[in-house]
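Coordinates in review
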Amino acid sequence: MTVIAPVDALFQPLQLGALTLPNRVIMAPLTRARATPENVPQPVMAQYYAQRADCGLIVTEATAVDPQGMGWYRVPGIWTSEMIDGWREVTEAVHARGGRIFSQLWHMGRLVLPDYLDGEQPIGPSPIAGEGQTFAPPPPDYDGGFLPMKPYVIPREMNADDIAKVVVAYGRGAAHAREAGFDGMEIHAANGYIIDQFLQSNTNRRTDGYGGSIANRTRFLREVLQAVTAQIDADRVGIRISPTSERKGMGDENPRALAEAVAAMAQEFGVAYIHLIEPVASGFMEKPENPVVESVRKIFGGVLIQNGSFDAESADACIAGGKADAVSFGRPYIANPDLVTRMRDGLPLADANMDFAYVGEARGYVDYPAARPTVTA
Ligand SMILES: Cc1cc2nc3c(=O)[nH]c(=O)nc-3n(C[C@H](O)[C@H](O)[C@H](O)COP(=O)(O)O)c2cc1C
């Protein structure tokens, strides 16, 4: 009699563009704010990612392509040679453990507080502020704890020159990521950051060629894709989207049509994957009323990675049912460096201490033990 493993589909290999993944467990991008205050990746980040190298693919934390798009204390960037060198240590550590790692290229657009820009207004497609507040830089007497919060501000509407400069910054970020030894790049077009701001009708009220119709609102993404794929083959590029998320004041008049247009563009460019944040269960984001996953799957022939509140069983069912090719895990990866082993062997998952999710050093970052100690020769 054949014994069918409870989670089997999740542990089948997968061809993802140019890469062959040994399993379909993807590490979702997680901002952990362990770079230096100058946004340079530190050796502890190499240790953290290397601990998680047995997953199918690591997607790094969001990485700023330009100082104007960086609005969070101690997040990493990729615009200087020191940053490239810091990232090279990370990619080498992951590769030494047999892993694969993509850089998530990021620009926050309107969500950057002026505090990070020497008092300048941030830029965005339209002069509409994000909803809510975010972490401000540390005060002079900062003791390492939680950072003060400040509300988002109204951005300066980008002119043609601003748009061209950000597109160039993405191309430069891609060139730097390649130089740092990444296996590929994920374009962060989700979660209300600059590309999403152009995509969604709530945040894009432009009347030029970058606003209005879906073709116009996707133009900025098209230009970013052109800039990135000029630096690295499209089969090493992924796109992350969250068209049904309404966080931070996002929203679109027709998320399905928008998602379909992005899927068609991804297909046209031949990118390796679409990484869709659209939870099937409540959790980090609300469950959308009209999910777009099936529409995206019909149009896009590459790999579809689903994300949002999955566990081993629901991820396996999702893949086995043909709804996605792979599933990414975010929060479970904070406290479970050996998530692949735990899910494969049905071991319980450890709980994360969220006090150290976005602040701190090694504690709450690289000190979560594996369920089973590794035996080293
Ligand atoms: C601490 C933390 C940091 C995150 N940072 C990023 C990020 O840098 N880029 C991104 O696209 N999503 C980020 N996310 C969202 C996750 O990638 C993921 O979409 C979310 O946690 C839902 O997946 P999960 O239910 O498996 O955790 C972050 C989430 C958390 C909890």
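Structural notes, computed from the coordinates.

Reading around the circumference, β3-β4-β5-β10-β11-β12-β13-β14 is the order of the eight strands in this closed barrel, with parallel pairing throughout. Direction aside, the axes of adjacent strands within the sheet are offset by 25° on average. For strand β3 (residues 25-27) and strand β14 (residues 326-329), the ladder comprises three bridges, and the chain directions are parallel. Within the sheet, the bridge partner assigned to Ile26 lies in β14 and is Ser328. Docked against the sheet, helix α3 (residues 160-179) engages β5 (101-106) and β10 (184-189), running at close to 160° with respect to β5. Sitting on the sheet, helix α9 (residues 312-320) touches β13 (303-307) and β14, and the angle it makes with β14 is about 155°.

Bringing helix α2 (residues 81-96) into the picture now. With 16 residues, α2 extends 22 Å between its outermost C-alpha atoms, agreeing within 8% with the 22 Å of an ideal straight helix rising 1.5 Å per residue. Residues of α2 that are buried: Met83, Ile84, Gly86, Trp87, Val90, Thr91 and Val94. One side of α2 carries all its buried residues, which in axial view fall inside an arc of 160°. Against the buried residues of α2 lie α1 (43-51), β4 (57-64), β5 and α3. Where α2 terminates, the next one or two residues include Gly98, which has phi positive at roughly 80°.

Rules and cut-offs
Residues numbered from 1 in each chain as written. Predicted model: local features only at pLDDT ≥ 70, side-chain atom pairs only at ≥ 80, totals over all residues. Heavy atoms only, no water. Pairing = 2+ DSSP bridges. Helix = DSSP H or I, 4+ residues; strand = E, 2+ residues; numbered from the N terminus. Axes fitted to C-alpha atoms, helices over the stretch in contact; angles between N-to-C directions. Contact = heavy atoms within 4.5 Å. Expected span 1.5 Å × (residues − 1). Buried < 20%, exposed > 50% of the residue type's maximum accessible area, 1.4 Å probe, protein only. Arc of directions from axis to C-beta.

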